[in-house]
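# Coordinate inspection notes
Given next are the chains, with one letter for each unit.
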Amino acid sequence: NAGVTQTPKFRVLKTGQSMTLLCAQDMNHEYMYWYRQDPGMGLRLIHYSVGEGTTAKGEVPDGYNVSRLKKQNFLLGLESAAPSQTSVYFCASRDRGVGGYTFGSGTRLTVV
Amino acid sequence: SQELEQSPQSLIVQEGKNLTINCTSSKTLYGLYWYKQKYGEGLIFLMMLQKGGEEKSHEKITAKLDEKKQQSSLHITASQPSHAGIYLCGAETDSWGKLQFGAGTQVVVTP
């Protein structure tokens, strides 16, 4: 099925551990985004990419790094996880300046 | 930075009654998106509004964007239990398509 796939769906990390969240889309979309959702705060933009090889910071980028080596994949990395990064992470993609957004089903991350 | 205010924060409505959720921006929007979310699940796309004065309807849900493209409302007519959930508005803030979200409105539908 066409869409945005996020892996993993759930993960528990210990403080200080690292991990990478993968977002893959098969719609040939140019733009991709990573958001985090915390209770009572809606979604906040972490990083985004407007094309292969390009990334930019969003509203809450600290503690995260991203890479877009291939157009279809957008990776979100946590180098040293902290409890404050416990959240639900959503990836989204969109065609260049056109139409709506396709969201993944989310990754629920707990840092203990 | 742009501010996006969503109100009310929560809403309890009796089945069959109408409800309205508002989303107000401090700046003119490129576009306004409405999503619904069940607790612990992903976002379900409802409506996309891009033109000033635009109004769209789907089943019992109607969304409007004002002429100045700074305020949107989502109206549900004759609410049903299936309408329960969290409603989120997302404002497209620039040409790169970055979305800024409201804090969400939790809707509870009682018998």
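Everything that follows concerns the structure shown earlier in this document.
Now for a look at the structure at hand. Everything numeric in this text was worked out from a predicted model, so none of it was measured. Every chain's residues receive numbers from 1 upward, in the order its sequence appears when written. Each chain gets a letter, beginning with A, and each ligand a number, beginning with 1, in the order they are written. Local features in this predicted model are restricted to residues whose pLDDT is 70 or higher, and side-chain atom pairs enter the listing and the counts only when it is 80 or higher, whereas totals over whole chains, interfaces and linings include all residues. Values shown for side chains rest on all heavy atoms present in the structure; no hydrogens or waters enter the calculation.

## Here we look at the nonpolar core
Rule in force here: Remark: nonpolar core denotes a set of buried residues (Ala, Val, Leu, Ile, Met, Phe, Trp, Tyr, Cys) joined through side-chain atoms within 4.5 Å. Burial here depends on accessible area, computed with a 1.4 Å probe over protein chains only, as a share of the maximum for the residue type. Under 20% is buried, over 50% is exposed, and the range in between is partly exposed. Numbering of helices and strands runs from the N terminus; a helix is a DSSP stretch of H or I covering at least four residues, while a strand is a stretch of E covering at least two.
In terms of nonpolar packing, the biggest core is built from 21 residues, with I21(B), L32(B), W34(B), L46(B), L74(B), Y87(B) and V107(B) touching the most fellow members. If you list the elements that add at least two residues to this core, you get β3 (19-25), β4 (31-37), β5 (43-49), β7 (61-65), β8 (71-76), β9 (85-92) and β11 (105-110) of chain B. Formed by 19 residues, the second largest nonpolar core is a distinct cluster that contains L21(A), V60(A), V66(A) and C91(A).

## So, the packing of aromatic side chains
In plain terms, the rule: For Phe, Tyr and Trp, rings pair up if their centres lie within 6.5 Å, where Trp contributes its six-membered ring, and each pair is then called stacked (planes under 30 degrees apart), edge-to-face (over 60) or tilted (otherwise).
The full count for this structure, using the stated rule, is 12 aromatic pairs over all chains. Centroid distance Y33(A) to Y35(A): 6.3 Å. Interplanar angle 35°. Geometry classified as tilted. We note that Y33(A), like Y35(A), is buried. On the numbers, 6.4 Å between centres and 20° between planes, the contact of Y33(A) with Y48(A) is stacked. One end of the pair, Y33(A), is in strand β4 (residues 31-37); the other, Y48(A), is in strand β5 (residues 43-51), with 15 residues separating them in the sequence. Considered together, Y33(A) and Y48(A) belong to a single accessibility category, that of buried residues. Counting every residue linked through ring pairs, the aromatic cluster contains Y33(A), Y35(A), Y48(A), Y101(A), F103(A), Y33(B), Y35(B), F45(B) and F101(B).

## Considerations on the sheet that holds strand β1 (residues 4-7) of chain A
Residues and elements named next belong to chain A. We count it as follows: Between any two strands, pairing holds if DSSP finds at least two bridges. Here an angle of 0 to 180 degrees is reported between the N-to-C directions of two axes, which are lines fitted to C-alpha atoms, with helices fitted over the stretch in contact.
With antiparallel pairing, 4 strands are arranged side by side in an open sheet as β1-β3-β8-β7. Taken across any chain shown, the strands that pair with only one partner, and hence form the sheet edges, are β1 and β7 (65-67). Each strand of the sheet is rotated relative to its neighbour by a mean of 20°, with strand direction disregarded.

## What about the sheet that holds β3(B)?
Residues and elements named next belong to chain B. What the 5 strands build is an open sheet, ordered β1-β3-β8-β7-β6; its pairing is antiparallel. The open sheet has two edge strands, β1 (4-7) and β6 (55-58), and neither has a second partner. Sheet twist, expressed as the mean angle between neighbouring strand axes with direction ignored, is 10°. Pairing geometry for β6 and β7, over 4 bridges, is antiparallel. Within the sheet, the bridge partner assigned to S57 lies in β7 and is T62.

## Considerations on the interface of chain B and chain A
Here is the rule: Here a residue-residue contact requires only that any non-hydrogen atoms of the pair lie within 4.5 Å. The buried area of a pairing is the accessible area, by a 1.4 Å probe, that goes missing from both parts when the two are put together, added over both. One speaks of a salt bridge when a side-chain nitrogen belonging to Lys or Arg is within 4 Å of a carboxyl oxygen belonging to Asp or Glu. For this analysis, a polar contact is any N or O atom pair within 3.5 Å, provided that within protein one partner can donate a hydrogen and the other can accept it, and provided that sequence-adjacent residues contribute only side-chain to side-chain pairs. Each residue is assigned to one of three groups, with Ala, Val, Leu, Ile, Met, Phe, Trp, Tyr, Cys and Pro labelled nonpolar, Asp, Glu, Lys and Arg labelled charged, and all others, Gly among them, labelled polar.
Taken residue by residue, the interface counts 19 residues in chain B and 19 residues in chain A. On the chain B side of the interface with chain A, the three residues burying the most area are W96(B), K98(B) and F101(B), jointly 32% of the side's total. Close ionic contact of E92(B) with R94(A) constitutes a salt bridge, the shortest N to O distance being 2.7 Å. Across the contact surface, chain B and chain A share 7 residue pairs in polar contact (both at pLDDT 80 or more). For the side of chain B that touches chain A, the secondary-structure elements that each account for two or more residues are β4, β5, β9 and β10 (99-101) of chain B. Among the elements that take part in the side of chain B that touches chain A, β4(B) stands out by supplying 3 residues, more than any other. Here the side of chain B that touches chain A is built from residues that sort into 9 nonpolar, 7 polar and 3 charged.

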